[in-house]
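# Examining the three-dimensional arrangement
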Amino acid sequence: ALKQAQLMEVLKKEVRAMLIAAKAGLTPEQLEEQYMAMVCKPLPLHNLGFQSALELVTQMPEVVQICSKNGTLVLKAIADDSTKGIAKLVANQKVKTRSKASKKTATKVNATLPTKISRNPQSFQTLSARTPILPATVKAELQDLLSSSPLLLGDFDKAFLRRFGRAFQYRQYGFMSMFEVLRSMSDSIVIEQTKAGSLLVLRKYMANSIEQEEVPQGEAQEEEVPQGEAQEEEVPQGEAQEEEVPQDVAQEEEVPQDVAQEEEVPQDVAQEEEVPQDVAQEEERQGFEQLSPTPEIPPDAVQDKSLCSLPPLKKRCLVGVVVEFVVSPSQFYIHVCSTEASYKLQDLMFEMRHVYSHKVASDKYIMPESAVRPGQLCCVMVSKWWYRGIIHRVINDQEVEVFCVDYGHLQIVQKSWLRFLKWHYLKLPAQAIPCSLAWVKPMEGTWSSAAILLFKHLCRFKELVGIVDEYVNGVLYLFLCDTSTKEDVYFHSVLRDMGYAHVCGENIPSQEFEELNPSALYVQPSGKQRNAEVVEPELRLRQGSRDAD
């Protein structure tokens, strides 16, 4: 009963933080979805003896107001003393259209730097007003779905479910309709109107079709490369691996015969117990014993190399970022918003999926037990996609914990899901940048669950402006600002005004990163970083980087 009471109190704070950020409120179903997306686990309904989210919130009369809008139940937050100021700002906020929000530039950020922020809290963006973006993995899934042929919009849901084993829930990424999703991917997906309905076409597919029409004589030869199917076959063939595999398989098939001969040896030994076996026969038998369990490691398998990090960002520059993974405001990972880098990562994931999903090629890169050790680079399968990773620790005979270098999270996986990373996949630097929010520290020594939940809400599926402050022990300290609303929203100010953080004017070393920073452990500084050169990334901000002073 005591544990249930404590859990209920924590849950009240989390629910209030989620609802207070949603100006229009949430339906019970949306509350469950948002909680799952933010906390990465479902609402603990059964632990508290409830059957539904609606039944849960009815027991929170001081936290949740249940309203009816057009026949639909909507849940709204009831502010307490510590959240009344924020609730008032959210209530007075004007919801902007996405077209207007997209016209904002870095000029506004530069005009109101963190050092000049007033004590009055900034209004922050509601869930309905944010500019959503799809995670890189979801973009890759949509492109993969359309890579073989165009698809009618009416058939999309069934095709996605059949391909990936789950429904495509665009609302969980912040979109209100499927057309909004497609507009956000207009750089790679085109909608064509046909008699059968809206047809979704991959731009690469269209380009390939045009090329084939222009050069009909080379059609048979050119069809193989663009369609992606030949890529799947060519990669192993180009390395002359598939041709070698049958020979290896043939050798492996011969080994059991030799093993069978070895099994007969003890009978001979039984007859010749007093006579030592011939030394040459003994060495030959030992050789077979060693060959059988130890497969040959491909020459392009990475065994003792490390990935490099991205070059450091210039102090006080403005940079477009997307927060990929959050532990707390003091420990999170970002991607820099660069069209080139985004395409390179997507292309890498596509290529790894094609290669490692090909059984013959994949089997050649299976990691033997001797290679499964902390610090070893690998490729790991998670939800049918392959990611670059580094083994952090061996948990038991079956499981290991892997650090995903391009997204920043640790993942426990089966050893059978590991493969050697191909040498070619070392070229792209690790894309996840370890970060801490500048100038803040938690009120009570550690970040509360409500503070973490609010920070996740502020970051979720949107492009932000980062103002680089400094690097400390390999961790980037930066300010985060949401410029998609009428007023610029600085996240450190929101955490302060909600009573979750102190703004201390200096960067306190992150306790979480001091305890564990996989990037510092396993990822090497880039060559440019070692030479103390600073390179500014390609940005989608109109005015690029500017001096924050």
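Here's a quick rundown of the structure. (Residues numbered from 1 in each chain as written. Predicted model: local features only at pLDDT ≥ 70, side-chain atom pairs only at ≥ 80, totals over all residues. Heavy atoms only, no water.)

### Notes on the overall build of the chain
Looking only at helices and strands, the chain features 21 helices and 18 strands. Per-residue burial over the chain gives 46% buried out of 549 residues. Taking contacts inside the chain between residues at least 6 apart in sequence as the whole, the part at least 24 apart equals 71%. (Helix = DSSP H or I, 4+ residues; strand = E, 2+ residues; numbered from the N terminus. Buried < 20%, exposed > 50% of the residue type's maximum accessible area, 1.4 Å probe, protein only. Contact = heavy atoms within 4.5 Å.)

### Observations regarding the nonpolar core
Residues Leu134, Leu142, Phe156, Phe168 and Leu418 are the most contacted members of the largest nonpolar core, which totals 77 residues. Looking at this core element by element, the count peaks at seven residues for helix H15 (residues 339–356). Here this core spans two domains, since at least three of its residues come from each of domain 2 (136–204) and domain 3 (317–526). In contact with Leu134, not counting residues within four places along its chain, are Lys139, Leu142, Phe168, Tyr173, Phe175, Val181, Ser184 and Met185. (Core = buried A, V, L, I, M, F, W, Y, C linked by side-chain atoms within 4.5 Å. Domains from an automatic or database assignment.)

### Looking at helix H8 (residues 156–164)
Within H8, burial applies to Phe156, Ala159, Phe160 and Phe164. For H8, the arc enclosing every buried residue in end-on projection is 100°, short of the 170-degree limit, so these residues lie on one face. Exposed residues lying more than 90 degrees from the buried face of H8 are Asp157, Lys158 and Arg162. Immediately downstream of H8, the backbone of Gly165 shows phi near 75°, a positive value. (Arc of directions from axis to C-beta.)

### Concerning the sheet that holds strand E5 (residues 197–202)
Spatially, E3-E5-E4 is the arrangement adopted by the three strands of the open sheet, whose pairing is antiparallel. Because the sheet does not close on itself, it has two edges, and the strands there are strand E3 (151–152) and strand E4 (189–194). Alignment of E4 against E5, held across six bridges, turns out to be antiparallel. Bridged to Thr194 within E5 is Gly197. (Pairing = 2+ DSSP bridges.)

### Some points on the environment of Pro311
Tracing the chain through its elements places Pro311 in the loop between helix H14 (279–291) and strand E6 (318–328). Residue class for Pro311 comes out partly exposed when judged on its relative accessible area of 24%. Put simply, Pro311 and Pro429 are 118 residues apart on the chain and 9.0 Å apart in space, counted from C-alpha to C-alpha.

### Considerations on unusual backbone geometry
Its identity is not glycine, yet Ser383 carries a phi of approximately 55°, on the positive side. Positive phi, normally seen in glycine, also occurs at Trp439, with a value near 70°. Structurally, Trp439 is set in the loop between strand E13 (433–437) and strand E14 (440–442).

### Structural notes on the environment of Val523
Note on placement: Val523 falls in the loop between helix H20 (518–522) and helix H21 (527–530). Remark: the alpha-carbon pair of Val523 and Lys305, spanning 218 residues in sequence, is separated by 10.0 Å. If we ignore the near neighbours within four places in the chain, the residues touching Val523 are Leu307, Cys308, Ser309, Ile390, Val405, Ala430 and Pro518.

### Re the environment of Leu26
Note on placement: Leu26 falls in the loop between helix H1 (2–20) and helix H2 (28–39). Sequence-wise, Leu26 and Val74 are 48 residues apart; in three dimensions their C-alpha atoms are separated by 5.4 Å.

### Examining a nonpolar patch on the surface
A cluster of nonpolar residues, Leu54, Ile66 and Leu73, forms a patch on the protein surface that exposes about 200 Å² of accessible area. Inspection of the secondary structure puts Leu54 in helix H3 (residues 53–57). Judged by relative accessible area, which is 30%, Leu54 ranks as partly exposed. (Patch = residues over 30% accessible without salt bridge, like charges linked within 9 Å, V, L, I, M, F, W, Y side chains within 5 Å. Areas by Shrake-Rupley, 256 points an atom, 1.4 Å probe, with all protein chains shown as cover. Salt bridge = Lys/Arg side-chain N within 4 Å of Asp/Glu carboxyl O.)

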